[in-house]
Amino acid sequence: MDAVIDAKAQRLKVLVPDNLGLDLSAAPPTVEPVLYRPGDPWPTEDLDATVVVVGYENAPAVGARFADLPGLRLVQTLNAGYEQWLPLVPDGVMLSNGRGAHGGSSAEWVVAALLFIYRDLRLFNEQQSEGIWRRKDTETLIGKRVVILGAGDLAVNLAARLAPFETDVALVGRHARPGVHAMADVDGLLPDADAVVVLLPETEATRHIVDAKFLARLRDGAVVVNAGRGGLVDTDALVAELTSGRLRAALDVTDPEPLPAGHPLWSAPGLLLTPHVAGSTHGAWDRAWAVALRQIEVYADGGLPPNLVAGPGVPVGQGDSPAP
């Protein structure tokens, strides 16, 4: 708790990566935001900073300089995903994420992707471009069984948005709890799933969790949606299933990413592909900064950030639980 005591006793200097961070008009007077450029050395007059706010990119370049800040006590991310920062945060420093900022918009993308596939909007758009008026019955979300790998903010947001479509949703987390299945039991859910949505962080335990054996358990015509991290899905195995025409998919993240020219995913049949934009909406960064400011305010007042995921004060197991 030394970090918390220090935070309450002095003015907090917070290094921020963009101009939105400088406009913390709602911040208490004990918080002093200072701009830094990711990848550049810290401003020499600000090496006494206590908090660093980080985005999704430039993790190695920024993290390599954490050691130059002797007073660093908290790293606050603007994204819910934080796995790239875990090996970079020094011992004794807390890591808090942006959970709650992008869950709603990312869940909205998943719903849009599923509707795009089930209502066959690609076909109707192609017919429109060709001047063809041809009716066709399509599938619907009504009655679909959707298995969601993940039980964090994004997964909960998605479940809430799917409910009005009369879907049957199963959340899958690291451990079983009321309303959540255990990851160890996922095999039993797959044969009856119409869609599987992957919303996990990427760790050694979750990399390629959706592999050839996983995909083989899905029924013909099932849809695989990945809005988590590209490495959660074995790309070669998915390409094989798409090429055969047995499965369909929607990917907002890929492995590798960015997807290089000529990669088989570009031309894979039955695939909707977007360039990691599920959470990229108007107001996204304002929401992210609102979440970040809340974490910093609690810390400045002597408490532990509500979104704490690693470092002093984290309950055992919390930091590695499924999250968006």
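The structure this text deals with has already been given above.
Just so it is clear, the model here is predicted, and its values are computed rather than measured. (Residues numbered from 1 in each chain as written. Predicted model: local features only at pLDDT ≥ 70, side-chain atom pairs only at ≥ 80, totals over all residues. Heavy atoms only, no water.)

Trainee: Can you lay out the pattern of salt bridges for me, pointing to particular residues and giving the numbers?
Mentor: The tally for this structure, following the rule as stated, stands at 14 salt bridges. Of the charged contacts, one joins Arg 229 and Glu 83 as a salt bridge, the two residues approaching to 2.7 Å between their closest N and O atoms. A residue pair is termed long-range when its members are at least 10 positions apart, and Arg 229 in the loop between strand 10 (223–226) and helix 8 (235–244) and Glu 83 in the loop between strand 4 (74–77) and strand 5 (94–96) qualify at 146 residues. The exposure class assigned to Arg 229 is buried, which follows from its relative accessible area of 12%. Linked by salt bridges that have partners in common, Arg 145, Asp 192, Asp 194 and Arg 219 make up one network. (Salt bridge = Lys/Arg side-chain N within 4 Å of Asp/Glu carboxyl O. Helix = DSSP H or I, 4+ residues; strand = E, 2+ residues; numbered from the N terminus. Buried < 20%, exposed > 50% of the residue type's maximum accessible area, 1.4 Å probe, protein only.)

Trainee: Account for the sheet that holds strand 13 (residues 308–310), naming residues and giving values.
Mentor: The strand order 2-1-3-4-5-13 describes an open sheet built from six strands, whose pairing is mixed. The open sheet terminates on both sides in strands that have one partner only, identified here as strand 2 (31–35) and strand 13. Within this sheet the neighbouring strands show an average axis-to-axis angle of 30°, counted without direction. Sheet topology note: the strand 3 (residues 51–54)/strand 4 ladder contains four bridges and is parallel. Paired with Val 51 across the strands is Leu 74, a residue of strand 4. On the sheet, helix 10 (residues 284–300) packs against strand 1 (12–16), strand 2, strand 3, strand 4 and strand 5 and is oriented at approximately 160° with respect to strand 1. (Pairing = 2+ DSSP bridges. Axes fitted to C-alpha atoms, helices over the stretch in contact; angles between N-to-C directions. Contact = heavy atoms within 4.5 Å.)

Trainee: A description of the packing of aromatic side chains should follow, citing residues and the corresponding values.
Mentor: Overall, the coordinates contain three aromatic pairs when judged by the stated rule. On the numbers, 5.0 Å between centres and 65° between planes, the contact of Tyr 36 with Trp 42 is edge-to-face. The same class applies to Tyr 36 and to Trp 42, which are both buried. On the basis of an interplanar angle of 10° and a centroid distance of 6.5 Å, the ring pair of Trp 42 and Phe 66 is categorised as stacked. Note that Trp 42 is positioned in the loop between strand 2 and strand 3 and Phe 66 in the loop between helix 3 (59–63) and strand 4, a separation of 24 residues in sequence. With respect to burial, Trp 42 and Phe 66 carry one shared label: buried. (Phe/Tyr/Trp six-rings, centres within 6.5 Å; stacked < 30°, edge-to-face > 60°.)

Trainee: Any details on the sheet that holds strand 7 (residues 168–173)? Residues and values, ideally.
Mentor: Spatially, the seven strands line up as an open sheet ordered 8-7-6-9-10-11-12, and their pairing is parallel. Bordering the open sheet on either side are strand 8 (180–182) and strand 12 (271–273), each of which pairs with just one other strand. Recorded for the sheet is a direction-independent mean angle of 20° between the axes of neighbouring strands.

Trainee: Describe in detail the pairing of strand 1, supporting the description with residues and values.
Mentor: In terms of residue burial, strand 1 counts as a mostly covered element, since five of its five residues are buried. What you see with strand 1 is no split at all: Leu 12, Val 14 and Val 16 on one side and Lys 13 and Leu 15 on the other are buried throughout. Pairing of strand 1 with strand 2, which is carried by five bridges, proceeds in the parallel orientation. Bridge pairing in strand 2 places Leu 15 opposite Val 34. Bridging between strand 1 and strand 3 involves two bridges; their strand directions are parallel. Within the sheet, the bridge partner assigned to Leu 15 lies in strand 3 and is Val 52.

Trainee: Just give me the short version of the packing of helix 4 (residues 103–118) against helix 6 (residues 153–162), but keep the residues and values in it.
Mentor: Helix 6 packs onto helix 4 with a crossing angle of 50° between their chain directions and a minimal axis gap of 8 Å. In terms of orientation, helix 4 lies oblique with respect to helix 6. You can see that helix 4 and helix 6 cross each other, and the crossing is right-handed. Contacts from Gly 103, Gly 104, Ser 106, Ala 107, Glu 108, Val 110, Val 111 and Leu 114 of helix 4 reach helix 6 at Asp 153, Leu 154, Asn 157, Leu 158, Arg 161 and Leu 162. (Parallel < 35°, antiparallel > 145°, perpendicular 65-115°, else oblique. Left-handed = near helix turned anticlockwise from the far one by under 90°.)

Trainee: Report on unusual backbone geometry, specifying residues and quantitative values.
Mentor: Across the junction of Asp 255 and Pro 256, the peptide omega takes the value 10°, indicating a cis bond. With respect to the element layout, Pro 256 can be found in the loop between strand 11 (248–251) and helix 9 (264–267). The peptide bond linking Glu 257 to Pro 258 adopts the cis configuration, its omega dihedral lying at 0°. You can see Pro 258 is positioned in the loop between strand 11 and helix 9. The phi angle at Asp 120 is positive, at roughly 55°, despite the residue not being glycine. Structurally, Asp 120 is set in the loop between helix 4 and helix 5 (121–129). With a phi angle near 60°, Glu 166 is a residue other than glycine that sits in the positive phi range. Looking at the element boundaries, Glu 166 is found in the loop between helix 6 and strand 7.

Trainee: Let's hear about helix 8: which residues, and what values?
Mentor: Those residues of helix 8 lying buried are Thr 235, Ala 237, Leu 238, Val 239, Glu 241 and Leu 242. Contacts from the buried residues of helix 8 go to helix 7 (212–216), strand 11, helix 9 and strand 12. Sitting at the amino-terminal end of helix 8 is Asp 234, which places a side-chain oxygen 3.2 Å from the backbone nitrogen of Asp 236. With its phi angle positive at about 85°, Gly 245 sits one or two positions after the end of helix 8. (Polar contact = N/O pair within 3.5 Å; in protein donor to acceptor, adjacent residues only side chain to side chain.)

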